[in-house]
Amino acid sequence: MPARYNTIRNELLEFIDAVANQLEDFKRYQVETDYITGREMLLCNMTHFEGEAILPGNIYPLQVPKLMAVDHRKNMMRQLISYGRKGLEGYINNCVPGTKAQALLHILSTRVFKDKSTR
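No experiment lies behind these values; they were computed from the predicted model shown.

Participant: In this structure, what is going on with the environment of Val70? I would like to understand it.
Facilitator: Along the chain, Val70 turns up in the loop between strand S4 (59–69) and helix H3 (72–83). Using a relative accessible area of 18% as the deciding quantity, one classes Val70 as buried. Residues Val70 and Ala20 lie 50 residues apart in sequence; the distance between their C-alpha atoms is 9.9 Å. Residues within four places of Val70 in sequence aside, it is in contact with Asp25, Lys27, Asn75 and Tyr91.

Participant: Any chance you could explain the pattern of salt bridges here in plain terms?
Facilitator: Pairing between side chains of opposite charge can happen when their charged atoms approach one another. Going through the model one piece at a time under the given rule, you end up with four salt bridges. Glu89 is the salt-bridge partner of Arg85, the closest N and O atoms lying 3.1 Å from each other. Note that Arg85 and Glu89 are positioned in helix H4 (residues 85–95) at a spacing of four residues, about one turn of the helix. Given the relative accessible area of 27%, Arg85 is considered partly exposed. Between Glu89 and Lys86 there is a salt bridge, with its nearest N and O atoms 3.8 Å apart. Placement of both Glu89 and Lys86 in helix H4 is noted, with a separation of three residues, approximately one turn of the helix. Owing to a relative accessible area of 14%, Glu89 belongs among the buried residues under this scheme. A single network of salt bridges, built from pairs that share partners, joins Arg85, Lys86 and Glu89.

Rules behind the numbers
- Going along each chain's sequence as written, the residues are numbered from 1 onward.
- In view of the model being predicted, local features appear only for residues whose pLDDT reaches at least 70, and side-chain atom pairs are presented and counted only at 80 or more, with totals across whole chains, interfaces and linings using the full set of residues.
- Values reported for side chains reflect all heavy atoms of the structure, with hydrogen atoms and water molecules removed beforehand.
- Only DSSP runs of H or I covering at least 4 residues are called helices, and only runs of E covering at least 2 are called strands; the numbering of each starts at the N terminus.
- Summary of the burial criterion: residues with accessible area below 20% of their type's maximum are buried, those above 50% are exposed, and those between are partly exposed, where the area comes from a 1.4 Å probe applied to protein chains only.
- Any two residues whose heavy atoms approach within 4.5 Å are treated as being in contact.
- Salt bridge criterion: a side-chain nitrogen from Lys or Arg within 4 Å of a carboxyl oxygen from Asp or Glu.

See the structure below:
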């Protein structure tokens, strides 16, 4: 671990690891449209596409999602070092869905940073 991480408390590192382990490793960032012929689809034993019979001479659009690997632990550490507590809170708000983000922020405030005012 680099020297700049030595000043970060163990509770905070454990919290970051726990949150990073709960988040998905890949993020969908774009959908591409690819075109495939009916002959290729028939070779894959597909007989219907979107409710219609596949014809060998037709060309069919196929939506292909692009995925990107995300290192949440590294990103949270970068936010913490660059922007402090507010950066980490912002990252959790952006990456954790729904009410789970509020629960994590409450844990971050009361258990990790030990704020007495939020209890």
